[in-house]
Every structure is written in C-alpha cells, then in structure tokens.
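One-letter residues, chain by chain:
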Amino acid sequence: MGQKDTLKVKGTEFVKIYRGIKDKDVPKDEQVECGNRRHFCGECSTMLWAYHPLWPQWCYPFASAIDTPLLPAKRPICIMLKYKANWASVPNNADLFDEYPDLSIEEWHKLNGYWKD
C-alpha cells in the first residue's frame with residue numbers, strides 16, 4: 001500500500017488502465033465496470049499498481065514494480081489460501097489466512113512498525 005501523492009512514474013505514456021466488469025452474465029448494455037483500476041505497462045503487460053477512487057489517498061503497487069528500497073518483511077504473509085493452486089507451496093514461517101485477514105492493510109502496517117506519516 002502506498003500514498004498515492006508520493007507515486008512517481010517514469011514512462012507514463014506507456015501506462016494503460018484495465019477495469020473489470022462486475023457481472024459478465026448480465027446483458028452487455030447492463031454491465032457495470034468495477035471501481036478498481038489496474039494500471040499496467042501497455043508495452044509488456046507488467047502489472048504496476050492498482051487504485052480505487054473510493055480510497056483516493058492510496059495506491060497498491062505490485063512489488064515487482066517498486067524500485068525504492070523497502071524494509072524487509074519480518075515474516076511472510078499468505079492470503080487467499082482457500083483459492084491456492086494445489087501445486088503452490090507456502091512458507092513454513094508465514095502468517096496464513098484462508099481469505100483476507102481481519103486487519104486492514106493500514107492497520108497491519110501500523111501494528112508492525114512499517115507505517116510512515
């Protein structure tokens with residue numbers, strides 16, 4: 001999770017935005033786009049960050065797109081294990097969640113000392 005106003009992007013001319021459809025089973029003229037916006041590179045399709053206008057102060061960068069040094073995580077966190085492929089391995093020392101944890105991303109960062117004001 002990042003503060004949107006601190007996001008710096010090089011090559012903005014290559015950034016494209018994808019918005020999914022909430023329910024593809026309804027007729028096309030009744031389909032509604034999701035609020036979440038997934039930003040990706042239009043040249044290579046690399047996912048860059050997600051953004052939702054309901055939370056305009058936040059953006060959710062993909063780890064592979066961050067080039068700023070970050071503190072290492074104290075321990076891995078694995079979420080959505082209920083939907084995990086059977087071939088995917090899970091680290092032994094990870095905090096495990098079948099779906100989303102009860103803490104929000106903001107609460108987790110504050111609790112673990114990663115929060116920056």
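Nothing here was measured: the structure is a model prediction, and the numbers come from that model.

Engineer: Would you explain the pattern of salt bridges in this entry?
Structural biologist: Between side chains of opposite charge, a pair can form when the charged atoms approach closely. Tallied over the entire structure, the rule returns four salt bridges. In this structure, Glu 33 and Arg 19 form a salt bridge, with 3.3 Å as the shortest nitrogen-oxygen distance. Here the residue Glu 33 occupies a position in the loop between β2 (15–18) and β3 (37–41), and Arg 19 occupies one in the loop between β2 and β3, the gap between them amounting to 14 residues. Its salt-bridge partner being Arg 75, residue Asp 95 comes within 2.8 Å of it at the nearest N-O pair. Placement of the pair is Asp 95 in strand β7 (residues 95–96) and Arg 75 in the loop between β5 (58–61) and β6 (77–78), with a sequence separation of 20 residues.

Engineer: Any chance you could explain the nonpolar core here in plain terms?
Structural biologist: Here is a general trend for soluble globular proteins: nonpolar side chains tend to be buried in one another's company. Counting five residues, the largest nonpolar core consists of Val 15, Leu 48, Trp 49, Tyr 51 and Cys 59. Ranked by residues supplied to this core, first place goes to strand β4 (residues 47–51) with three residues. Among residues more than four places away in sequence, those in contact with Leu 48 are Val 15, His 39, Phe 40, Cys 41, Pro 61, Phe 62 and Ala 65.

About the criteria used
- Residues numbered from 1 in each chain as written.
- Predicted model: local features only at pLDDT ≥ 70, side-chain atom pairs only at ≥ 80, totals over all residues.
- Heavy atoms only, no water.
- Salt bridge = Lys/Arg side-chain N within 4 Å of Asp/Glu carboxyl O.
- Helix = DSSP H or I, 4+ residues; strand = E, 2+ residues; numbered from the N terminus.
- Core = buried A, V, L, I, M, F, W, Y, C linked by side-chain atoms within 4.5 Å.
- Buried < 20%, exposed > 50% of the residue type's maximum accessible area, 1.4 Å probe, protein only.
- Contact = heavy atoms within 4.5 Å.

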